[in-house]
Amino acid sequence: PRAHHMVFAGNPGSGKTSVARLLAKVFHELGVLRKPKFLEVERMDLVARDKETTLSKTREVLDEARGGVLFIDEAFTLGMAS
């Protein structure tokens, strides 16, 4: 399976999350996605204090989002030290 990635850039309140939600519905209706699933997460949903817990949290999120759209709000924060 191919992974499709998109980046939505813009000021706060410009509709990035709304567009991603809409795309999840459209992609489902077109048969691109198996389900109209839209999962919104942020850094704290993916990153923990240690590597093992971070891996576990990230796998859980990826499993939950599988077949739908995973939206990582403020994704740039993933590269920041905790």
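Residues numbered from 1 in each chain as written. Predicted model: local features only at pLDDT ≥ 70, side-chain atom pairs only at ≥ 80, totals over all residues. Heavy atoms only, no water.

Novice: Explain helix H1 (residues 16–29) to me, using residue names and the numbers behind them.
Specialist: Over its 14 residues, H1 extends 20 Å from the first C-alpha to the last, a length consistent with the 20 Å expected when each residue adds 1.5 Å. If you follow the buried residues of H1, they end up packed against strand E1 (38–41) and strand E2 (69–72). Just downstream of H1 lies Gly31, where phi reads positive at about 85°. (Helix = DSSP H or I, 4+ residues; strand = E, 2+ residues; numbered from the N terminus. Expected span 1.5 Å × (residues − 1). Contact = heavy atoms within 4.5 Å.)

Novice: Describe the layout of surface pockets, naming the residues involved and giving the relevant values.
Specialist: Considered as a void within the structure, the largest pocket measures approximately 1,300 Å³ in volume. Elements with a minimum of two residues in the lining of the largest pocket: H1, helix H3 (51–65) and E2. (1 Å grid on protein atoms, 1.4 Å probe; cavity = no way out; pocket = protein on both sides within 12 Å on 5 of 7 lines; lining within 4 Å. Points joined across faces, edges and corners; volume = space filled by probe spheres on them.)

Novice: Which residues make up a nonpolar patch on the surface, and what values do they have?
Specialist: On the surface, Leu22, Val26, Leu30 and Val32 cluster together into a nonpolar patch covering about 380 Å² of accessible area. Following the sequence through the fold, Val32 ends up in the loop between H1 and E1. (Patch = residues over 30% accessible without salt bridge, like charges linked within 9 Å, V, L, I, M, F, W, Y side chains within 5 Å. Areas by Shrake-Rupley, 256 points an atom, 1.4 Å probe, with all protein chains shown as cover. Salt bridge = Lys/Arg side-chain N within 4 Å of Asp/Glu carboxyl O.)

Shape is all these values report; function is a separate question.
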